[in-house]
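Listed below are the residues making up each chain.
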Amino acid sequence: MLDPQLLRESPDLVRAAIAKKHLDVDLDAFLELDRSWRSSLQEVEALRTRQKAANTAMAALPKGSPEFQAKVTEMKSVSAEVRERENALKQIEEKWRQAMLTLPNLPHASVPEGKTPEQNVVHARNGSTEEPRPHARPHWEIAGFDRLFDFARGAKVTGAGFPFFIGDGARLVRALLNFFLEEDAKAGYVEVSPPIFVNAASATATGQLPDKEGQMYETVDKLYAVPTAEVPLTNFFRDEILEESALPVRRCAYTPCFRREAGSYGKDVRGLNRLHQFDKVELLKWVHPATSYDELEKLRQDAERLLQKLELPYRVLLMCGGDLGFSQSKKYDLEVWAAGQKRWLEVSSCSNFEAFQARRAQIRFRAKESGKPELVHTLNGSGLAVPRVLAALLENNLQTDGRVKIPAALVPHFGKDHLSFA
RNA sequence: GGAGAGGUGGCAGAGUGGUCGAAUGCGCAUGCUUGGAAAGCAUGUGUACUCGCAAGGGUACCGAGGGUUCGAAUCCCUCCCUCUCCGCCA
């Protein structure tokens, strides 16, 4: 949610910023709504003032006295009017709230111009994509793949996109999760194991609702399976005021992530590239607004380090305005090279939300100077998404003998230096 | 799942229709006192929205939402949560 004050005082600035995201937003309609909300509010407040004054006067009057009865009669009509105007106000407020929820966050000045993913800027590259790998092939074509990653049984038991991980496949998932969590702990993130279902208020605070409910699995009692640990993690401090000295708070969490992925078909969905359920470790920070862009760089580096230690070639994209999400101010994507598919796979997305989520979620800190509550800035990034990292490992590290070499950093967690499909 | 009790300010805890944004205590802040501290004394101590150049006003909030009433922390309804006992169970 944006700062309503900023909208009122500098609508042109907001308009220009939103234009960078290439979204179509009717600010004038909102501003008009805002004006009528304020005048309606003032009407109601004036009437309430009258009611309160009458209430005090009546308390001092003998009950049943003529003066008292006269007041009752007088205030009955005021009461009716209050009811009417309050209903009108409530309706406007609801519209106002809905309108606010549809306004996107503003991009940071350093976000490059651009409309399409092609206009994202390659910020950095690490490792070679040119190394000859004659045996490389898409991971789903590797001999024995189906023994470790059983999509057919998964489809039978649950549905497409819910594979079984078996033997070394399951073991590699567990090793990766362990490796990620251990490394994240070393980087100062406190591990959290959160609920994997959240209520509507939580999904709204992080921006999944109201627009993206079609992307989440919903239970009969209106709980949502988390699409990412970001949701329960961010909501941990919802409606709370932290001490300034507690900032920055850094946390990480492993959860399975559930995404309906409605409407995505085709090449992207082969193998482990896109699943309805997948494992991911998420990094989250609550920081002082003055430091959030430094913290974003650190967050990106924390995620990058994982890929470096896994010896996987990757690149960092700085997202252009048009490819930024609804609620982000600035975002880096980390993409790992999959030598078999000969394409980049997104394995992490590191974003600064500034106060956008914090305002929706009312996460604040008490500023030492003023003693007043201020909104924190929130940031999050994957560290990392398991199946795509796994896919890249299979494709890049496939040996001539059909086995897959396990990177040195992972060997202590995996327990051996090769994965076997046999 | 069944039965009962309860949700009030940072905490504890009063308040069953009006003068209650709310007693009192603790905590916290500032000042006085002191060589310094404690104690003591005094004053202050929520959040949000809104009007105003400002000084300063106004309104809302007693778990949430609705209702009754001229008027609701207080009465009624629905929901959520916590606790105790029973049942069930990883």
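Residues numbered from 1 in each chain as written. Chains lettered and ligands numbered in written order. Predicted model: local features only at pLDDT ≥ 70, side-chain atom pairs only at ≥ 80, totals over all residues. Heavy atoms only, no water.

Colleague: Would you mind showing me how to read the pattern of salt bridges here?
Modeller: Close approach of charged atoms allows side chains with opposite charge to pair. By the definition in use, this model includes 24 salt bridges. Here Arg 38 ties to Asp 34 by a salt bridge, and the two come within 3.7 Å at their closest N and O atoms. A residue pair is termed a helical-turn pair when its members lie 3 or 4 positions apart in one helix, as Arg 38 and Asp 34 do in helix α3 (residues 27-60) at four residues. Lys 71 is paired through a salt bridge with Glu 74; the nearest N and O atoms lie 4.0 Å apart. Residue Lys 71 and its partner Glu 74 are located together in helix α4 (residues 66-102), separated by three residues, close to a single helical turn. Looking at Glu 74, the relative accessible area reads 35%, which means it is partly exposed. Salt bridges linked by common partners bring Arg 8, Asp 34 and Arg 38 together as one network. (Salt bridge = Lys/Arg side-chain N within 4 Å of Asp/Glu carboxyl O. Helix = DSSP H or I, 4+ residues; strand = E, 2+ residues; numbered from the N terminus. Buried < 20%, exposed > 50% of the residue type's maximum accessible area, 1.4 Å probe, protein only.)

Colleague: Please explain helix α7 (residues 168-186) as it appears in this structure.
Modeller: Taking 1.5 Å of rise per residue, the 19 residues of α7 would be expected to cover 27 Å, and the 26 Å separating its terminal C-alpha atoms lies within 8% of that figure. Taken as a whole, α7 has its buried residues at Asp 168, Gly 169, Leu 172, Val 173, Ala 175, Leu 176, Leu 177, Phe 179, Phe 180, Leu 181, Glu 183 and Asp 184. Among the residues trailing α7, Gly 188 stands out with phi positive, at a value near 100 degrees. (Expected span 1.5 Å × (residues − 1).)

Colleague: How do you make sense of the domain arrangement of chain A when you look at a structure like this?
Modeller: Size of an interface, as often reported, equals the accessible area lost when the parts are brought together. Taken domain by domain, chain A consists of domain 1 (4-101) and domain 2 (117-419). Each of domain 1 and domain 2 was reduced to a C-alpha centroid, and the two centroids are 43 Å apart. Of the residues lining the interface, five residues belong to domain 1; the matching set on domain 2 comes to 11 residues. At the boundary of domain 1 with domain 2, total buried surface from both sides reaches about 600 Å², with 60% on carbon and sulfur atoms. In this assembly, domain 1 and domain 2 are joined by zero salt bridges. Joining domain 1 to domain 2, the criterion identifies four residue pairs in polar contact (both at pLDDT 80 or more). The residue inventory of the side of domain 1 that touches domain 2, partitioned by class, reads two nonpolar, one polar and two charged. (Domains from an automatic or database assignment. Contact = heavy atoms within 4.5 Å. Buried area = accessible area lost by both parts, 1.4 Å probe. Polar contact = N/O pair within 3.5 Å; in protein donor to acceptor, adjacent residues only side chain to side chain. Nonpolar A, V, L, I, M, F, W, Y, C, P; charged D, E, K, R; others polar.)

Colleague: How do you make sense of the sheet that holds strand β14 (residues 373-375) when you look at a structure like this?
Modeller: Hydrogen bonds between backbone atoms are what pair the strands of a sheet, whose relative direction is either parallel or antiparallel. Here we have three strands laid out as an open sheet, ordered β7-β13-β14, and mixed in their pairing. Each edge of the open sheet is held by one strand with a lone partner, namely β7 (240-243) and β14. Each strand of the sheet is rotated relative to its neighbour by a mean of 40 degrees, with strand direction disregarded. In terms of strand pairing, β7 meets strand β13 (residues 363-366) through four bridges, oriented parallel. Residue pairing across strands places Ile 241 opposite Arg 364, the latter belonging to β13. (Pairing = 2+ DSSP bridges. Axes fitted to C-alpha atoms, helices over the stretch in contact; angles between N-to-C directions.)

Colleague: Would you mind showing me how to read the nonpolar core here?
Modeller: Inside soluble globular proteins, nonpolar side chains tend to come together where they are buried. Ranked by internal contacts, the top residues of the largest apolar core, which has 57 residues, are Leu 176, Phe 180, Leu 390, Leu 394, Leu 410 and Leu 419. Counting residues per element, this core draws most heavily on α7, at eight residues. In this structure Leu 419 touches Leu 148, Asp 168, Leu 172, Leu 394, Arg 403, Val 404, Ile 406 and Phe 414, once residues within four positions along its chain are discounted. One finds Ile 18, Phe 30, Met 100 and Leu 103 within the second-largest nonpolar core, a separate group that totals 22 residues. (Core = buried A, V, L, I, M, F, W, Y, C linked by side-chain atoms within 4.5 Å.)

Colleague: Sorry, what's going on with the pairing of β13 here?
Modeller: Residues in a regular strand point their side chains to alternate faces of the sheet. Because side chains alternate across β13, one face comprises the buried residues Ile 363 and Phe 365, and the other comprises Arg 364 and Arg 366, none of which is buried. As paired elements, β13 and β14 share three bridges and run antiparallel to each other. Along β14, the bridge assignment pairs Phe 365 with Glu 374. Counting the residues that bridge the hairpin from β13 to β14 gives six residues, and of these Gly 371 lies at a positive phi of roughly 75 degrees.

Colleague: I would appreciate a short explanation of the environment of His 139 in the present structure.
Modeller: The topology assignment puts His 139 in the loop between β1 (121-126) and α5 (145-148). Looking at His 139, the relative accessible area reads 0%, which means it is buried. Put simply, His 139 and Trp 286 are 147 residues apart on the chain and 37 Å apart in space, counted from C-alpha to C-alpha. When residues no more than four places from it in sequence are discounted, the contact partners of His 139 are Phe 145, Arg 270, Gly 271, Leu 272, Asn 273, Gln 341, Ala 391, Leu 394 and Glu 395. Engagement of the side chain of His 139 in a polar contact is seen with the backbone nitrogen of Leu 272, the distance being 2.8 Å.

Colleague: I'm lost on the sheet that holds strand β15 (residues 377-385) in this one. Help?
Modeller: The eight strands lie next to each other as β1-β10-β11-β12-β15-β9-β8-β4, forming an open sheet whose pairing is mixed. Strands at the two margins of the open sheet, each flanked by one partner only, are β1 and β4 (190-192). Taking the axes of each pair of neighbouring strands and ignoring which way they run, one obtains an average angle of 25 degrees across the sheet. With three bridges joining them, β4 and strand β8 (residues 249-258) adopt parallel strand pairing. Paired with Val 190 across the two strands is Arg 251, which belongs to β8. Lying over the sheet, helix α10 (residues 292-309) contacts β1, β8, β9 (277-287), β10 (314-318), β11 (330-338), β12 (343-352) and β15, oriented at roughly 5 degrees with respect to β15.

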